[in-house]
Amino acid sequence: MDLWPHQLGCGGSVRDSVRDDLLPTAMPSPTGIIAIGHINEAIDQGNPEKTLETLLLPTAKLQDVRPVNARHYQDVLYHAKAQKCKECQDESALLWLDEIQKGISDANNNIKEAAILAVGASMINKSLEKGDSQAILMILQSKFGLRVVPECAETYFRNLSEAKKLKTREDSNESPWIKLVMKNMYNYYYNVETEEGTCVAPEEVVPKTSWLTGEEIQSIVGQVTADYNREQLWLANENLIVQLQARARGFLVRKNYQERKAYLRNQEPSAIKIQAFWKGFKQRKSYVDRLKVLQGNVAAIVKIQSWVKMWLAKRAYRKRLQYFKDHNDEIVKIQAFLRANKAREDYRTLIGAENPPLTVLRKFAYLLDQSDLDFQEELEVTRLREEVVTKIRSNQQLEKDLNLMDIKIGLLVKNRITLQDVVLHSKKLNKKSKSQLEEMVMVDKQGIKGLSKERRKKLEAYQHLFYLLQTNPTYLAKLIFQMPQNKSTKFMDTVIFTLYNYASNQREEYLLLKLFKTALEEEINSKVDQIQDIVTGNPTVIKMVVSFNRGARGQNTLRQLLAPVVKEIMEDKSLIINTSPVDVYKSWVNQLEMQTGEASKLPYDVTTEQALTHTEVVNKLESSIQSLRAVTDKVLTSIFSSLNMMPYGMRYIAKVLKSSLHEKFPDATEDELLKIVGNLLYYRYMNPAIVAPDGFDIIDMTAGGQIHPDQRRNLGCVAKVLQHAASNKLFEGESEHLSSMNTYLSQTYQKFRNFFQAACDVPEPEEKFNIDEYSDMVTLSKPVIYISIEEIINTHSLLLEHQDAIATEPNDLLNELLEGLGPVPDVESFLGEGAVDPNDPNRESTLNQLAKTEISLSLTSKYELREGEDQDLKSLMIQTKRLIVDVIRTQPGDTLIEILEAPATAQQESEHSKLVEKRAILDSKTPEKMKHSQSIFEDGQLPIEQKKRKIQRNLRTLEQAGLVSSATKYQEIINEIAKDIRNQRRYRHHRKAELVKLQQTLNALNSKTAFYEEQINYYNTYIKTCLDNLTRKNSRRSIKLDGKEEVKGSKRLKQASLKYTAARLHEKGVILEIEDLQTNQFKNVMFDITPGEEVGDFEIKAKFLGVEMEKVQLHFQDLLQMQYEGVAVMKMFDKAKVNVNLLIFLLNKKFYGK
């Protein structure tokens, strides 16, 4: 058959058909075109066999043509050709070769898929019939290719089973064939028994309708899966769904509410009318019914009401009572808080208000009473104070004796005195402590404290005298300047410090500071002509202040201040500081000789300039300077950080010194004043403790122990740098080699300057110690001092000797007291008759020994509470305050006038009587030292009305004197009582602090005593060794240790003075030069050397042309110390340069020669 171009495709030219249909594949051969034509004709005829025959033509070259599928090929190709004709709108359109091949492939796939689906449907239905649910999931996945969910396996099975049950019919006659529809248009038949499948419907066969078809299975499984997925989706978004539902419901509820609200608002008048009518009706009906009931039961109602009220009251009371019991602790706390708050408020009013009310004062008047604890603490303070003072005096005497023992042993070593002198002094040293207690007991029993009116009067006279001297610093200040300097020093070290108990409490420290202040101001005004005189003149008061604050009271402070850093310097064995170029040079030469073993060619004796020419010396010197700076910085840090540890007395006297100098020298600069302050605080107070820490108890030393020369030189170098820095003095002249430290000195001076300024910033003693003119009147115990008989006699004689200069006014209190005492008594009058045997050959030495016996004096003012016209206003004020306190404690009132004018009730009289009895019992237990005067005791025993009358008389007297005023309702005396209460509280606090402080001081003193005793034992051992050695030598000399015989040939110390001209001493080499004096004038200068009372003490006087110019006290031990430290030249009189070694040789030769 011939094919025309218009038949090749969907209309159009052959070119278009070729372009659209033939280009993708190879152009078929003519025979192939013929086969295509035959295939299209067979498809149109609708004969499956014919179509299969044409498809199998070799010329068509079609693949995978299966005869069994002939029917389905016919249906598919026919449908494809019809579809193509429809799309091309050309009934003559033909299927081309590739379209035919595609139709064959699609048909094969459809049958394949249908067969699989049929098998799957068969297996599913069989499993359902068997009730096997396990294979369902696998069949659905493998045969149907469905995406199933394992969790829905049971659901799949259940739904499929239910669907199958609905299709099952009991009367049906079904064949084994099932029918499937492919692509929704082609039928496929499958025999479940033979597993045969065909597209041709079997003849006379009814397909199974009770089985589920593949489409039904897929639909059911898909629905289950979709339901499950939808359920999971709802579960995953449950919160959102709930919110959506809530919002929807809320919207609906609000909408209904708004609608209802709008309706009610519109109908509000009507609703109100209805409600009002109904409520009125109900209320009226209820009222009428209730009224009828009550009117018919009045008696019963009254009874019920009374019982109910009683029950309610009881229940409320029990409930409240139980509440209080349950919260008892809380209620107590609340009450305590309220009371405490009220008490605090009242106390703040008492201490802060300018005029505290009497009602507040009355609440705190009990604080003025003295309890047993007050007496016990006061007795303990008195006892500790006595022990401290006794220990201080004992230690001072031990120290003096030990120093003298040092000298004697030193002289013994040099064979200047005999061994017997040392032994006798040792015995004296051991005897003192044993005899002191016996002597004191003897004096208390039969001496000035004996039970005799005359002795009692004499004792009270001395107590009045020393009270006046203690509380009025003017007398002692004038007395100090009336005495020679050598006597004033000894007087200060003994009497003055004893009079103030070494400032063992705040009152005595306050009074001692007032003495220092008065004396310092007096000395500056009378003796200081130039500001530098304070530095060069060695003022008496400055020595007193430094001596006191470096003594027992201030030593502990100095130890805390310097001990750590001094110990650190001494314990550093690698630290060697030497700033002397000559010494460094000699050390270097010695080192070279030791290393080489040969004598050095360098000269040994060189000058400073020659030593500095060597590089090694300069390097060693620079290394020492660097070490010196580092160590000095440590000391400075310790000093500057310890300002608060410095004794208040030192800082206050520095403040007084600065202000007094500024007042006398207003043109002086701040730097000049601060240099003077630095001279006091550093050079006089701290510097000696750095140079000689062993001498000031800064470090602990064992008996016989000594500081190594290297350690002492290190400390001396540090002290020298600090001394230059404190005075802003640079290294110049002889110290030019240290000029590299000048910048460091200037910087350090600025730090010192700030330190000295801060040190002077202290409050006045009145503010610091809270002491005023009434303090002695309100304290519990009287001031007590412990003073030796010798010191009493010396003080008495000095006062009489200088009475005209001290008390210039005839009516001066001191003149009256001295007149009452009469002439100076002797020692026996203090000890009592028979204390010393008149026939005792050693009577004089015994009296001298007993003169050192200490007695205690309870100081009181002679003018306290005197009766009569000359009654002292201060005493009257105190007496009146005591009476007022007694009255207001038993009789309340808003003002003092109201209390004094209102009569006391019987109950108030009774309370007052009990108060008086209680006070009498307390007074009977009070120690004698703490009892008040007889007049105070008698006033306290008066009845309340008599006390009030006496108060009124006293107030009128005080008002005439201008001390109080009735216009203010005597608020002035109320304020004074409030002040006494405040002071009493502070005094109790101070007393507790003082107890702790005294105990600490006593412990430190005991440690020092133990050290002295250890040193005494060391000396005793040394002396015993000397005696043993002497015995072994079988000396011809006979030594009597009982002191009755002297060693044969021994010599007493020569007491005659030694006189030399300066020219003669210059020839001997003792005097090197005298400033401002030519050598040819030396013959006009005479030196008079006189031995003192103590061994090793010398007094050297300088006379020019027979006129005594100056004199100085010289201690032989000091010379030996200088020699030991390598000091070759010393200054005497601040002008004469003396060779130390030759002076020692001269004194040895002239005074200790054999």
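What you see is a predicted model, and the numbers here were worked out from it, not measured in a lab.

1. Some details on the nonpolar core
Within soluble globular proteins, side chains that are nonpolar tend to cluster in buried spots.
And then number 1: One finds Phe 466, Tyr 682 and Leu 814 to be the most contacted residues of the largest nonpolar core, which totals 136 residues.
And then number 2: It is helix 27 (residues 670–691) that contributes the most residues to this core, 11 residues altogether.
And then number 3: In this structure, Phe 466 is in contact with Leu 499, Ile 785, Ile 787, Ile 792, Thr 795, Leu 857 and Leu 859, ignoring residues within four places of it in sequence.
And then number 4: Leu 62, Trp 96, Met 182 and Leu 212 belong to the second-largest nonpolar core, a separate cluster that totals 53 residues.

2. A few points about the sheet that holds strand 3 (residues 196–198)
And then number 1: Strands sit in the order 1-2-3 across an open sheet of three strands; the sheet is antiparallel. Strand pairing shows two members of the sheet lacking a second neighbour, strand 1 (177–182) and strand 3, which therefore form its edges. Averaged over all pairs of adjacent strands, the angle between strand axes in this sheet comes to 25°, irrespective of strand direction.
And then number 2: Relative to strand 3, strand 2 (residues 186–191) is paired through three bridges, and the arrangement is antiparallel. In the sheet register, Tyr 190 faces strand 3, and the bridge partner there is Gly 197.

3. Describing the pattern of salt bridges
And then number 1: Counting across every chain of the model gives 22 salt bridges.
And then number 2: Between Asp 44 and Lys 81 there is a salt bridge, with its nearest N and O atoms 2.4 Å apart. Of the two residues, Asp 44 sits in helix 2 (residues 30–45) while Lys 81 sits in helix 4 (residues 70–88), which places them 37 residues apart along the sequence.
And then number 3: Look at Asp 44 and you get partly exposed, because its relative accessible area is 47%.

4. Section: the packing of helix 27 against helix 28 (residues 709–726)
And then number 1: Contact geometry of helix 27 with helix 28 gives a least axis separation of 8 Å together with a crossing angle of 165°. On the basis of the axis angle, helix 27 is roughly antiparallel to helix 28. As for the relative orientation of helix 27 and helix 28, their crossing is right-handed in sense. Contacts between helix 27 and helix 28 involve Tyr 682, Tyr 683, Asn 687, Ile 690 and Val 691 from the first element and Arg 712, Leu 715, Ala 719, Leu 722, Gln 723 and Ala 726 from the second.
And then number 2: Residues that form the contact of helix 27 with helix 28 fall into these classes: eight nonpolar, two polar and one charged.

5. Describing unusual backbone geometry
And then number 1: Even without a glycine there, the phi angle at Asp 64 is positive, about 55°.
And then number 2: Here Asp 64 lies in the loop between helix 3 (48–55) and helix 4.
And then number 3: For Lys 969, which is not a glycine, the phi torsion comes out positive at approximately 60°.
And then number 4: Relative to the assigned elements, Lys 969 resides in the loop between helix 41 (944–960) and helix 42 (971–1032).
And then number 5: Residue classification places Lys 969 among the partly exposed residues on the basis of a relative accessible area of 44%.

6. Things to note about the side chain of Glu 1099
And then number 1: Its location among the elements puts Glu 1099 in strand 9 (residues 1097–1104).
And then number 2: At a separation of 3.3 Å, a polar atom in the side chain of Glu 1099 contacts the side chain of Gln 1113.

7. Regarding the pairing of strand 11 (residues 1129–1132)
And then number 1: Because side chains alternate across strand 11, one face comprises the buried residues Met 1130 and Met 1132, and the other comprises Val 1129 and Lys 1131, none of which is buried.
And then number 2: Here strand 11 runs beside strand 12 (residues 1136–1139); their pairing, made up of four bridges, is antiparallel. Along strand 12, the bridge assignment pairs Val 1129 with Asn 1139.
And then number 3: Count of turn residues in the strand 11/strand 12 antiparallel hairpin: three residues, of which Phe 1133 carries a positive phi of about 60°.

Thresholds, definitions, all that
Here the residue numbers are simple positions, counted from 1 along each chain's written sequence. Local features in this predicted model are restricted to residues whose pLDDT is 70 or higher, and side-chain atom pairs enter the listing and the counts only when it is 80 or higher, whereas totals over whole chains, interfaces and linings include all residues. Only heavy atoms go into the side-chain values, all of them from the structure, while hydrogens and water stay out. To define a nonpolar core, start from buried Ala, Val, Leu, Ile, Met, Phe, Trp, Tyr and Cys residues and group those joined through side-chain atoms within 4.5 Å. Three labels apply to residues, based on accessible area from a 1.4 Å probe with only protein chains included: buried if under 20% of the type maximum, exposed if over 50%, partly exposed otherwise in between. Per the convention used, a helix needs a DSSP run of H or I reaching at least four residues, while a strand needs a run of E reaching at least two, with both numbered from the N terminus. The criterion used for residue contact is that any of the two residues' heavy atoms lie within 4.5 Å. We treat two strands as partners when DSSP finds at least two bridges between them. Orientation is described by axes fitted as lines to C-alpha atoms, over the contacting stretch for helices, and by angles from 0 to 180 degrees between their N-to-C directions. Between Lys or Arg on one side and Asp or Glu on the other, a salt bridge is scored when a side-chain nitrogen of the former is within 4 Å of a carboxyl oxygen of the latter. Oblique is the label for any angle not under 35 degrees, not over 145, and not in the 65 to 115 range, which are roughly parallel, roughly antiparallel and roughly perpendicular in turn. A crossing counts as left-handed when the near helix is turned anticlockwise from the far one by less than a right angle, and as right-handed when that turn is clockwise. Think of it as three bins: nonpolar holds Ala, Val, Leu, Ile, Met, Phe, Trp, Tyr, Cys and Pro, charged holds Asp, Glu, Lys and Arg, and polar takes everything else, Gly as well. Polar contacts, as counted here, are pairs of nitrogen or oxygen atoms within 3.5 Å of one another; within protein the pair requires one atom able to donate a hydrogen and one able to accept it, and residues that are adjacent in sequence qualify only if both atoms are side-chain atoms.

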